[in-house]
Every structure is written in structure tokens, then in C-alpha cells.
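# Observations on the model geometry
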Amino acid sequence: MEKKTYNFTGKLQQNRQELVNKIIDNMEKGFVLLPPEWTKTRPYNPVSNIHYKAGNVLRLMAASMYSEFTDPRWCTYKQAEKMGWNVKKGAKGVLLEKWIFTEEKIVEDEKTGEKKKEIVRLEKPKCNFFYVFNAEQIHGIPELNISEKKWEQDEYLDIADKMILASECPIIEEGNEAFYRISEDKIFLPPRGCFINTESFLATMLHEMAHSTGAAHRLGRSMANPFGSENYAREELRAEIASAFIQSDIGLPPTAERFQNNSNYLLSWIKVLQDDPNELFRACKDAEKATEYIIEKYTHLPVHSPAKSIPDYYSQKNDSPLREADTNAAPEKSLSSETRRIALELRKLGCTPNKGLIKNINELQAQTGQAYTAEKLEKLNPSSFSDFGNKKLAICIHNQIQALIPLPG
């Protein structure tokens, strides 16, 4: 496909080049984009309550890092003035760009002569640019309470398990390499125990999930790229930016290891950006689309019935609670002795088991040939299963038990 080119204003192109120079400088120091501090919180506009996207995110996060701003809020001079706030004298704004692909026009009906307004697509998109100021440069803006959350390993594991459920293609933990195989539409990762920590496992998973969005039946990027080619490097850059965007959107803190584990690609990325600075902004645009695709699937997972998001043969057709009598009835009339044992143990943990949960536990025991106690089920680690189907079952059981145990108070 022929690459489209646009006539940028001198100021905008100079601004793009300055940001790319900073990115290349950091790549030469061993960082993927910028030092890890840049992804703490995605910047947003406190007036419109809209988060900034694509290349504008890099601009604002880079500006925050170099100016040591901790507030993620940015707005224009006019917006601040409208809200009764005042931009500090001498404050320097950050240039952002906005692309206009459609516009409203008055068109005339050829048959009736009636004139009406229509939204029409422009033959050549227009690019507007504007300046925004950080909240720390503005007098009168309400104070923002930012508290640093301390993340526990179990929380990373929970997000990883939910991402597996949200993935449209299977995620298989085996082997010693991480990759997305487009011919099978599957993601392969080394077992999570092979990673330095759960954060690194999750970041790698998100990177491969970003690749999977490029499939023809999803976002349709060019994916058949020979290893080592420039197009291969371009796709890797998109996946890496998307992984960082997703972590920022979820609120995960970055790690230094996470940002310095792609040295094999850095030289290729530097060359791509030196040859065409605008490639960074095309990559950010594609990464934004991949981010939105994955986040949409992740945020729409059922909270209390995670089994509904996995294959039908694991679905809960009957979620009604087991009656007290069911746990004591004779095996031939109701439950097997093994099922009755598990149900009673779960009750002691404060979990009211339902038929769907018991069905999944029985299925897991049949598949693995193991007998589980309620205590083991409560601490079930999905990553310990090499079989994809059993892993999905384990995730389902883990989430079901957590949902059925009442919260304190």
C-alpha cells in the first residue's frame, strides 16, 4: 500500500522532530521510549475529562518527566480562563496536534434543491495544533490528591488471569519464547515462573496481546513481516507502545527492567525513526487502537460470573446455590461423596458453593486425576497448569470462589 504523506506546518514538524530526537536519545541509552517514570498516569483534560491519546500522550509524558510535573492534568489557556483559573506568568505550554478527518458542510439535494447539513469525509485530512498547560502551571485549579498505590504480587497475578480471559485467542504458557503465531491465532509465553517477576510476565503478555490485535479479523495491520526487516521492527514498536499504554491505563507502575529488555530491537527502531520521524506518530496511532481494543475486552469481563467469558463447555448453566440438604443427601440421590466433601469444606471457608462451581471442580478433578481440598482450591494457581483447557478451568474456579466468599462486614 502506498504511504500517504501530508504537508505539515513547519512548527508542527519541528515539534515532532524534537520529540523523536528525545526518544532516540533515550533509546541510545538503552530505554525503549523514555525512562520508566513516564508511564505513571495517562494525562487527561480536567475540563473535558477526556484522556489524551496517541502521540500527544508521549509529548505530555515527556514534558512531565523533563519538567518534573506529578499532576497528570493538562488544559488550554482558554479552558483554564473559562473555569476561573489563571495560567502562571511565563509558563510554557506544550504543543499538541489534532487531526480533522471530517467536517460539516451544507449540501444541496440534486433532485429537490433542498439544502441540508451533512458530515463529509475530507479528501485530505487537516491538522490543527494547540498548546496545553500542566495543572502545576495554573493558579486556582483544585488540588489533586495523588496517592501512590503499593501493588502486591497477587494483584498482578489477578490482572494477568483476567487478561487471559479477555484475550480473543488462546494464551499458552509453554516453551522458552514469547511470540504471537498468526497462522494459529495463538499467543505462546514461557511459564510465568520463568520471568523475573509477575510484572515482567504481565508486560510481556500485553506486548503479545497487542500483536494479536493486528490479525486481519481484528484491526488488520500488516503482520507478515520477515524477522529483522524494517516492517518487523515497526510492528514490534507498535506492540511495545501499546503494552506501555495499557499498563498506564490500568494504573500499573512501570519497572526499569520492563523498559530495558528490548535491546535487540533498539538499533532497528532508531534507524526507522531517523529515516522517518513521522513513523513514531503512526506507531502511536496504531498502538492507541490496539490499546482500546484490549481494554474494551478487559473492562467488559463479568465481575461476578467470570465463567461466562470462557468457552461454552465451561459455562455455568446453573448458578443456583446448593441447598443445605444437598450436602448431606445420599450420593445416589444427589451428590457424590467427593462432591459433598468439597461442598462442606467450602462452607467452612465461608463460601456458599453453587452447582456451576461444583461442576467445574468435578471437571478439573476428572481432567487432572487429582482430588482437591477446599483449601487448595482457594489458593489454586492457574499458572501451574500446562494444559490450556485446565488453565482456563482453574482461572474460572479461582474467580468463582473469590466471588462467592462474602466480603468482611
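Above: the structure in question.
Below, the structure is looked at part by part. (Residues numbered from 1 in each chain as written. Predicted model: local features only at pLDDT ≥ 70, side-chain atom pairs only at ≥ 80, totals over all residues. Heavy atoms only, no water.)

### Re the overall build of the protein
A count of helices and strands for the protein gives 13 helices and eight strands. Within the span of the protein, comprising 409 residues, buried residues form 47% of the whole. Here the analysis covers contacts within the protein between residues at least 6 apart in sequence; of these, 68% occur between residues at least 24 apart. Accessible surface for the protein amounts to roughly 22,200 Å². Of this, 50% is attributable to carbon and sulfur atoms. (Helix = DSSP H or I, 4+ residues; strand = E, 2+ residues; numbered from the N terminus. Buried < 20%, exposed > 50% of the residue type's maximum accessible area, 1.4 Å probe, protein only. Contact = heavy atoms within 4.5 Å. Areas by Shrake-Rupley, 256 points an atom, 1.4 Å probe, with all protein chains shown as cover.)

### Regarding helix α1 (residues 10–28)
Taking 1.5 Å of rise per residue, 19 residues should cover 27 Å, and α1 covers 27 Å from first to last C-alpha, within 8% of that figure. Those residues of α1 that fall on the buried side of the exposure criterion are L12, N15, R16, L19, V20, I23, I24, N26 and M27. At the exit of α1 stands G30, carrying a positive phi of roughly 105°. (Expected span 1.5 Å × (residues − 1).)

### Here's the deal with the environment of M205
Its location among the elements puts M205 in helix α5 (residues 198–212). With a relative accessible area of 0%, M205 lands in the buried category. Sequence separation between M205 and R192 is 13 residues, and the spatial gap between their C-alpha atoms is 9.8 Å. Setting aside chain neighbours within four positions, we find M205 in contact with A160, M163, I164, I171 and L189.

### Describing the sheet that holds strand β7 (residues 179–181)
Here we have three strands laid out as an open sheet, ordered β6-β8-β7, and mixed in their pairing. The open sheet has two edge strands, β6 (171–173) and β7, and neither has a second partner. In this sheet, adjacent strand axes meet at a mean angle of 25° when their direction is disregarded. Pairing geometry for β6 and strand β8 (residues 186–189), over three bridges, is parallel. For I171, the partnering residue across the bridge sits in β8 and is I187. Where α5 meets the sheet, its contacts fall on β6, β7 and β8, and the angle it forms with β8 comes to roughly 155°. (Pairing = 2+ DSSP bridges. Axes fitted to C-alpha atoms, helices over the stretch in contact; angles between N-to-C directions.)

### Topic: the pairing of strand β4 (residues 115–134)
Across two bridges, strand β1 (residues 74–75) lies against β4 in antiparallel orientation. Bridging from a neighbouring strand, W74 pairs with N134 of β4. In terms of strand pairing, strand β3 (residues 94–108) meets β4 through 14 bridges, oriented antiparallel. The residue bridging L95 from the neighbouring strand is Y131, located in β4. Adjacent in sequence and paired antiparallel, β3 and β4 are bridged by six residues, among which G113 carries a positive phi angle near 75°.

### Observations concerning the environment of F179
Tracing the backbone through its elements, the reader meets F179 in strand β7. For the pair F179 and L189, spaced 10 residues apart in sequence, the C-alpha to C-alpha distance is 6.7 Å. If near-sequence neighbours (up to four positions away) are discounted, F179 is found in contact with K186, I187, F188 and E208.

### Description of the environment of F188
Turning to its location among the elements, F188 is positioned in strand β8. Aside from chain neighbours lying at most four places away, what touches F188 is I172, E174, E177, A178, F179 and R181.

### Examining the packing of α5 against helix α6 (residues 230–250)
The geometry of α5 relative to α6 is characterised by a closest axis approach of 8 Å and an angle of 125° between their N-to-C directions. Here α5 is positioned oblique relative to α6, judged by the angle of their axes. Judged by the sense of rotation from one axis to the other, the crossing of α5 with α6 is right-handed. Between α5 and α6, the contacting residues are A203, L206, H207, A210 and H211 on the first element and E235, E236, A239, E240, A242, S243, I246 and Q247 on the second. Of the residues in the contact of α5 with α6, the class split is six nonpolar, four polar and three charged. (Parallel < 35°, antiparallel > 145°, perpendicular 65-115°, else oblique. Left-handed = near helix turned anticlockwise from the far one by under 90°. Nonpolar A, V, L, I, M, F, W, Y, C, P; charged D, E, K, R; others polar.)

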